[in-house]
Amino acid sequence: TVRLSIFIVCHTVSETTGETLNMSCVNLLCFPQIIPMVNVIRGSDITVKSYTVESRITARFAHTTVKSSVVNSGPNAQSIGFNVQIPKRAFITNFTMNVNGITFIGSVKEKTVARNLYAQARARGKAAGIVRTNSQDMETFKTEVHVPPGSKVEFELHYQEMMQRKLGTYTHTLHIQPGRLVPQLQVDVYIFEPKGIKFVKTPSTLGEHFAGLTKVTQTKEKAHVVFKPTLQQQRKCDNCTESAVDGAFTVQYDVERETNAGELQVSDGHFVQFFAPSDLTPLSKNIVFVIDVSGSMWGLKMKQTVEAMKTILDDLTMDDYFSVIDFNHNIRCWSEELVPGTSINVREAKKYIQNIKPNGGTNINEALLKAVRILLKALDQGLIDQRSVSMIILVSDGDPTVGEIKLSAIQKNVKREMREEISLFSLGIGFDVDFDFLERIAMENRGLAQRIFANHDASEQLKLFYSRVSSPLLRKITIQFPEDSVSDVTRNHFDKFFSGSELVVAGKVKSVGSNMLQSFTTASATMDLTLVTEADLQELDTLLSQQQHSFAGFASRMWAYITINQLLAERSLAPTAAKKRKITQRIMTLAVEHQFVTPLTAMLVESQDGPERLLADSPKDPKQGCCPGIGTARLTHSFINLTHSHSGSWSAVLHEIRGCPVLAADYCLSLCLSFSIAVENDPHFIVHLPKNNMDVCFNIDSKPGHILNLVSDPGTGIVINGQLVGGKKMKNNKLNTYFGTISIYSEDAGVKVVVRPSSIDLMEGKNNHSFSWAATAKLNLNRVKVAIEKEHKITVTIDDKISAMVLLHRVWKKHPFNVDFLGFYTPNDNQYSSQVHGLIGQFVNEPEVKVFDMHEGTEPEKKQATMEVKGNKLTVTRGWQKDYRNDKKHGSDVYCWFVHNSGKGFIDGHYSNYIVPDLNSFLPSL
């Protein structure tokens, strides 16, 4: 049996049908500017024969090929995983795989076409599959194959990207995580730059263990970087069997530039114009910093922002003008007018920022309009140099919650007030921010947007972004070509050029009888500039034909790459549905023609010699971006089960794999927790006993107002208690009870989180902060991380060792019986001490349970049996309870053995022993 699954993952949810199976969880760790890292090869008793990565970079366009040959050397059939991290802006162009002589080849289709082929294959009883990206960025390509012992599998993935110049450097990052020792492990990066290479660097991003092993060979136009550690060099230590190869392999370089007029390259009927002037006097800046100081910014995010702002303000010169706006539900200005960047003004502004105390809601609309008006006032009154660059830098971590909250209305308001002299740059901190909105409003107003990962490095990310826009050299740049010489030109008007970056324009060359193509660049600096450059139409093609490792089709691929990305940006700003449909069709046509997997196309992976089609489906993702979105996101993918019969034919059956909840938080750790102990309404306890492979349920029939201890662990200083509330009135002579308050208290950290349906209160020492369920928020307290998902749930993580999730249940306000209540979930693998106890905590040390003598009960559908546990013999009933994590409205059934009488005999002592006097109380010894 061979079972295959392919999928691209980052906050995605695939929709397939079929049998549900269990899947191990995926842990992703996010880093600024790079992709989460996972082992390329997964599985035990696997021999990796080879793992090679080759990148060919020609004139800033990179084609990367990742290959691996793997053998199942174990005695049993097993799954082999092949995971490849690719740059966020890259497009997958092909994937092939050979499993025991059967070759599967990918081809890019329009998504509707791919879906139809997929449906047709399923209708014929065949398996089918799609590889596609999500609406944001594709981060992880994953393949999983379940193969018999002795099977050989060969993987090959291709992707392409355009190198972006930042701060004077192109950075090419390859993620090398083979997961084991590899006899043939090699990375080759070939660079060919027709105008010459200025420098090549290979930072030690893989660690000092591999210092000196990377070899660089460089001539004027070419460079070859090779990393080829031997088996012994791969080991973590001399006698280790684990590989030390685990991380990002980075190559940095820049090119020679003969003049400031730019570099014009012509190849294969296409041209590319690179424009990156230097040695120009920077223009003065007028900046209004707009800083979100709402309650969700409290903690590490605000601390990092303040730290970054101090450094950024120190960078201002006396020729720069600035002001600072901080906003929550109110708008406050450090100065109502722009002031020069003198040392006195900078010092006063830093004091002001230092004293900011985050709280309240988020009024982005009024804050941005206030910033625009400050700049317009200075422009209208002639207070600033007309050739200076005016910009707004917005730093926010959440959606608007106060004032105008409709995102489209905010966009219209800002665009209406803006002038073309002003640019808006948006920095979105964390994963819950609506980055699509920040990107749209920035692009619409001549700016850029960037996500800032809210970890310990957030301050450096903010400073790095500012350094990219802190030295404007040119304004109003236009790159033009003679009439009738070119067509299908990409964007050629640019508002600003910043030192260390690069502007790129591409298009098609018309046949006009001339052997030369000219470009004309105009720009405004401290003076007006007109720059001219030219290129021979045949020269580069002749040169490329002589290069062994160059990429001959780079110009046409780069033109398509730039065009598709620009069309995707235009599509997000399309004013009408008709305009959006027209742009969509152009994108799909180009992507299929050039075989790019984009958010609007899909890759169908088909058997070369047979009818099988394979599926890897990643539908449109939520707004959160790099990592899985906050909340319960079922990570699903499909796989193919190919069964080889004695007759030599292959049959295919489609199945589904469903994963566990994936939680992401601003501290950039994506936790995949198997929550195995649940407490829901009335309150129902569901205890999963993994060693006994069963679920046991019981109810607690207590009274409203009682506080029940759920977890009490003096060893770690953690106590979790829940207070009961009653229903509105009795139903069937019984008053239902629910958890109306859940308190999670870390005595050692001095942090308490009190959750109610009405509010979420955080207490850290003398600091008390209250949050509502109306907005998503992330907080990093002292050793405690809190992630609130709007109107859904809150996840609390203590010391990265203990996690708990509280689910919010809203009921109809006029419901005759029920009230809003809370559900509680906690994983089995929390790292408590040996002293842990409580209604839930006691099951960390799983008791031995035996169930026997199954027989008919009083109700035919509910069988009864005898359970032997903790020296007690109990009569238990087969039934089910609801798990609401994945389906908040209806819940999913969990079949379990139900213990009567409030869990008597299954829990230690009597349930009344777990009633404690207050929310901070630890459980006394039973």
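For the structure, check the block above.
These notes cover the structure that comes with them. These numbers come from a predicted model, not from an experiment.

Calculation criteria
Residues numbered from 1 in each chain as written. Predicted model: local features only at pLDDT ≥ 70, side-chain atom pairs only at ≥ 80, totals over all residues. Heavy atoms only, no water. Salt bridge = Lys/Arg side-chain N within 4 Å of Asp/Glu carboxyl O. Helix = DSSP H or I, 4+ residues; strand = E, 2+ residues; numbered from the N terminus. Buried < 20%, exposed > 50% of the residue type's maximum accessible area, 1.4 Å probe, protein only. Phe/Tyr/Trp six-rings, centres within 6.5 Å; stacked < 30°, edge-to-face > 60°. Lys NZ or Arg CZ within 6 Å of the ring centre and 35° of its normal. Disulfide = S-S within 2.5 Å.

What follows deals with the pattern of salt bridges. Inspection of the entire model under this criterion finds 28 salt bridges. For Arg 60, the salt bridge goes to Glu 263, with nearest N and O atoms at 3.0 Å. With Arg 60 in the loop between strand E5 (46-58) and strand E6 (61-72) and Glu 263 in strand E20 (residues 263-267), this pair connects stretches of sequence that are 203 residues apart. In this structure, Arg 60 and Glu 263 share a single accessibility class: buried. We note a salt bridge from Asp 488 to Lys 508, for which the minimum N-O separation is 4.0 Å. Placement of the pair is Asp 488 in the loop between strand E30 (486-487) and strand E31 (493-498) and Lys 508 in strand E32 (residues 503-509), with a sequence separation of 20 residues. Overlapping salt bridges, with partners in common, bring together Arg 60, Arg 165, Glu 193, Asp 254, Arg 257, Glu 263 and Glu 502 in one network.

Here the structure, examined in full by the defined rule, presents 17 aromatic pairs. Centre to centre, the rings of Phe 425 and Phe 465 are 6.3 Å apart; their planes meet at 65°, and the pair counts as edge-to-face. On the criterion of sequence distance, the pair formed by Phe 425 in strand E27 (residues 422-429) and Phe 465 in helix H8 (residues 458-469) is long-range, its members being 40 residues apart. Residue classification places Phe 425 among the buried positions, given a relative accessible area of 1%. An aromatic cluster is built from Phe 61, Phe 91, Phe 551, Tyr 561 and Phe 596, whose rings are joined through pairwise contacts. Cation over ring: Arg 60 sits above Phe 274, and NZ or CZ is 3.8 Å from the ring centre. Against the face of Phe 199 rests Lys 201, its NZ or CZ located 4.9 Å from the ring centre.

As a further point, take the state of the cysteines. Joining two cysteines, a disulfide is a covalent bond between their sulfur atoms. Following the criterion strictly, the structure yields 2 disulfides and no others. The partner cysteine of Cys 237 in its disulfide is Cys 240, sulfur to sulfur 1.8 Å. Because the torsion about its S-S bond is 95°, the bridge between Cys 237 and Cys 240 counts as right-handed. Overall, Cys 237 belongs to the partly exposed group, its relative accessible area being 35%. Shown here is the disulfide that connects Cys 697 with Cys 896, its sulfur atoms set 2.0 Å apart.

Distances and angles like these do not, on their own, reveal function.
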